Amino acid sequence: GEDVEQSLFLSVREGDSSVINCTYTDSSSTYLYWYKQEPGAGLQLLTYIFSNMDMKQDQRLTVLLNKKDKHLSLRIADTQTGDSAIYFCAERRQSSASKIIFGSGTRLSIRP
Amino acid sequence: DTGVSQDPRHKITKRGQNVTFRCDPISEHNRLYWYRQTLGQGPEFLTYFQNEAQLEKSRLLSDRFSAERPKGSFSTLEIQRTEQGDSAMYLCASSRGGGENTEAFFGQGTRLTVV
């Protein structure tokens, strides 16, 4: 993803919170997404946030959006081994409502 | 209907050969997307259909690539004269039309290896 940036790796201890960060460049983006990809599996939509919101919570997941800084984060509370995966941040731009632009993904690994 | 299905799951081909992949979207979805994902990267947009009309194509889609969705249901992606650089996972996604936020559901992908 040329315009959506994420750090490549994150390692957390089981039971701790994980925070995955993302920056995007298009201020006109309408929806921002977090997808999860496990080894050998397809992309799974975890959650999304509309651009006029600044926070969304869904069980263990909390999404924070700072539209001014074009910064998006995903917090996973009480991280479990099953959360090990690659997490992709993605944006749907108003200028091209048909497509979703992905970041390069953050690989989350869990330490015992 | 259990989701987006892609066929084949894996394809190994010799350089220079043509390959064709198929995607069957979720039945009531009129939008269909093709993405390509290489190792360590996020999915890159290739092209998009609304019903049978191909509305957008990425510059990544060279002349060797062609996609069709003849009846607005399944879609095919053909790569002619494959090159080693075409090796990647090819992902298909579908979504409902209308409204701004239409969740895109992804298939398991077709992994292409060009030798």
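For the structure, see preceding data.
Student: What should I look at first to understand the sheet that holds strand β8 (residues 71-76) of chain A in this one?
Tutor: Where strands meet in a sheet, backbone hydrogen bonds hold them as pairs that are either parallel or antiparallel. Residues and elements named next belong to chain A. Within the open sheet, the 5 strands sit side by side as β1-β3-β8-β7-β6. Their pairing is antiparallel. Strands with a single pairing partner mark the edges of an open sheet, and in this sheet they are β1 (5-6) and β6 (55-58). Bridge count for β1 against strand β3 (residues 18-23) is 2 bridges, and the pairing is antiparallel. By the bridge assignment, glutamate 5 is partnered in β3 with threonine 23.

Student: Please explain the interface of chain A and chain B as it appears in this structure.
Tutor: Much of the literature gives interface size as the accessible area that the parts lose upon coming together. Contact residues are listed per partner, giving 23 residues for chain A and 22 residues for chain B. For the pair chain A and chain B, the summed buried area comes to about 1800 Å², and 46% of that belongs to carbon and sulfur atoms. Linking chain A with chain B are 0 salt bridges, by the criterion used here. Linking chain A with chain B are 4 residue pairs in polar contact (both at pLDDT 80 or more). If you list the elements that add at least two residues to the side of chain A that touches chain B, you get β4 (29-37), β5 (43-50), β9 (85-93) and β10 (100-102) of chain A.

Student: Can you walk me through the sheet that holds strand β1 (residues 5-7) of chain B in this structure?
Tutor: Residue and element names in this part refer to chain B. The strand order across the open sheet built from 4 strands is β1-β3-β8-β7, with neighbouring strands paired in antiparallel fashion. Only two strands of the sheet have a single neighbouring strand rather than two, namely β1 and β7 (65-68). Sheet twist, expressed as the average angle between the axes of neighbouring strands with direction ignored, equals 15°. Here strand β3 (residues 19-24) pairs with strand β8 (residues 75-79) via 5 bridges, running antiparallel. Along β8, the bridge assignment pairs threonine 20 with glutamate 78.

Student: How should the nonpolar core be read in this particular structure?
Tutor: Across soluble globular proteins, you tend to see nonpolar side chains buried next to one another. Formed by 20 residues in total, the largest nonpolar core has its most connected members in Trp34, Leu72, Leu74 and Tyr87 of chain A. Once residues lying within four places of it in the same chain are set aside, the contact partners of leucine 74 of chain A are Ser18, Val19, Ile20, Trp34, Leu46, Thr47, Leu61, Thr62, Val63 and Tyr87 of chain A.

Student: What's the story with unusual backbone geometry in this structure? I'm lost.
Tutor: Outside of glycine, negative phi angles account for most residues, and trans bonds account for most peptide bonds. Residue proline 8 of chain B is bonded to the preceding aspartate 7 of chain B through a cis peptide linkage, with omega at -5°. In this model, glutamine 59 of chain A sits at a positive phi of 55°, which is unusual for a non-glycine residue. Topologically, glutamine 59 of chain A is positioned in the loop between β6 and β7 (61-66). On the accessibility criterion, glutamine 59 of chain A (73% relative accessible area) is exposed. In this model, aspartate 78 of chain A sits at a positive phi of 50°, which is unusual for a non-glycine residue. Structurally, aspartate 78 of chain A is set in the loop between β8 and β9.

What counts, and at which threshold
Residues numbered from 1 in each chain as written. Chains lettered and ligands numbered in written order. Predicted model: local features only at pLDDT ≥ 70, side-chain atom pairs only at ≥ 80, totals over all residues. Heavy atoms only, no water. Pairing = 2+ DSSP bridges. Helix = DSSP H or I, 4+ residues; strand = E, 2+ residues; numbered from the N terminus. Contact = heavy atoms within 4.5 Å. Buried area = accessible area lost by both parts, 1.4 Å probe. Salt bridge = Lys/Arg side-chain N within 4 Å of Asp/Glu carboxyl O. Polar contact = N/O pair within 3.5 Å; in protein donor to acceptor, adjacent residues only side chain to side chain. Axes fitted to C-alpha atoms, helices over the stretch in contact; angles between N-to-C directions. Core = buried A, V, L, I, M, F, W, Y, C linked by side-chain atoms within 4.5 Å. Buried < 20%, exposed > 50% of the residue type's maximum accessible area, 1.4 Å probe, protein only.

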